[in-house]
Amino acid sequence: GENVEQHPSTLSVQEGDSAVIKCTYSDSASNYFPWYKQELGKRPQLIIDIRSNVGEKKDQRIAVTLNKTAKHFSLHITETQPEDSAVYFCAASISGGSYIPTFGRGTSLIVHP
Amino acid sequence: SQTIHQWPATLVQPVGSPLSLECTVEGTSNPNLYWYRQAAGRGLQLLFYSVGIGQISSEVPQNLSASRPQDRQFILSSKKLLLSDSGFYLCAWSASSGRGEETQYFGPGTRLLVL
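Residues numbered from 1 in each chain as written. Chains lettered and ligands numbered in written order. Predicted model: local features only at pLDDT ≥ 70, side-chain atom pairs only at ≥ 80, totals over all residues. Heavy atoms only, no water.

## Description of the overall build of chain A
Line of reasoning, step 1. In terms of regular secondary structure, chain A is built from zero helices and 11 strands.
Line of reasoning, step 2. Each helix (α) and strand (β) of chain A, taken in turn from the N terminus, gives the series β-β-β-β-β-β-β-β-β-β-β.
Line of reasoning, step 3. For a compact globule of 113 residues, the expected C-alpha radius of gyration is about 13 Å, and chain A comes in at 14 Å, within 12% of that figure.
Line of reasoning, step 4. For chain A, the spread of C-alpha atoms along the principal axes amounts to about 45 × 30 × 20 Å.
Line of reasoning, step 5. Considering only contacts in chain A between residues 6 or more positions apart, those separated by 24 or more positions represent 54%.
Line of reasoning, step 6. As displayed, chain A offers around 5,600 Å² of accessible surface, 47% of which is attributable to carbon and sulfur atoms.
Line of reasoning, step 7. Positive and negative side-chain charges in chain A, numbering 11 and 12 respectively, have mean positions lying 5 Å apart. (Helix = DSSP H or I, 4+ residues; strand = E, 2+ residues; numbered from the N terminus. Rg over C-alpha atoms; globule rule 2.2 N^0.38 Å. Contact = heavy atoms within 4.5 Å. Areas by Shrake-Rupley, 256 points an atom, 1.4 Å probe, with all protein chains shown as cover. Lys, Arg positive; Asp, Glu negative; His and termini not counted. Charge placed at Lys NZ, Arg CZ, Asp CG, Glu CD.)

## Comments concerning the interface of chain B and chain A
Line of reasoning, step 1. Across the contact, 24 residues belong to chain B and 20 residues belong to chain A.
Line of reasoning, step 2. Both sides together, the interface formed by chain B and chain A hides about 1,700 Å², and carbon and sulfur atoms give 57% of it.
Line of reasoning, step 3. The interface formed by chain B and chain A includes five residue pairs in polar contact (both at pLDDT 80 or more).
Line of reasoning, step 4. Elements with a minimum of two residues in the side of chain B that touches chain A: strand 4 (32-38), strand 5 (45-52) and strand 9 (87-94) of chain B.
Line of reasoning, step 5. If you tally residues by element for the side of chain B that touches chain A, the top one is strand 4 of chain B, at four residues.
Line of reasoning, step 6. Classifying every residue of the side of chain B that touches chain A gives 11 nonpolar, 10 polar and three charged. (Buried area = accessible area lost by both parts, 1.4 Å probe. Polar contact = N/O pair within 3.5 Å; in protein donor to acceptor, adjacent residues only side chain to side chain. Nonpolar A, V, L, I, M, F, W, Y, C, P; charged D, E, K, R; others polar.)

Laid out in structure tokens, this is it:
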């Protein structure tokens, strides 16, 4: 089955710096890659996603890049703010079927004011 | 728009007691439904998923069970809770397959503490 590795497990940055979280996946059939943000005590919420027919997607300060050949994808947050502090999860999945995404173990992002 | 509800929000139960957590989805039909558990500071562990009424798949053998008595209702149960059942239980839904709308959306969660 699919295996998703996520790094780093913890990332500490100063406000205004950029943050990058990387994930690798094992199943070349995976074609949908969402990213979730989970604030302390709350539910994971989708912040951005990318499909395998696209190499990059941006939404204001966040972007996701996908390298299908290398089977890795990354989340980029620019101009970080304290409210970006949260745990971020990546996932990989195959469209269709019963849709069971495989999640990474999460990255705790801490943005220092 | 779609909404997902979970209750209760928090629960403190003694070891050996039964459990029933409920999840309902509004604004969509025939959703895929999921139960996840998240231990403190840890990742998301898939417990059960369902693609239709009465159709339950278990991902992890344990003392929990799930049922889907109605299209948009998903219930997580246990006859006897263990200390290790403590955690944050999240229900999620996604649109039925084949429409390119597979994103999962999570409910607000139930925080369970077994003492």
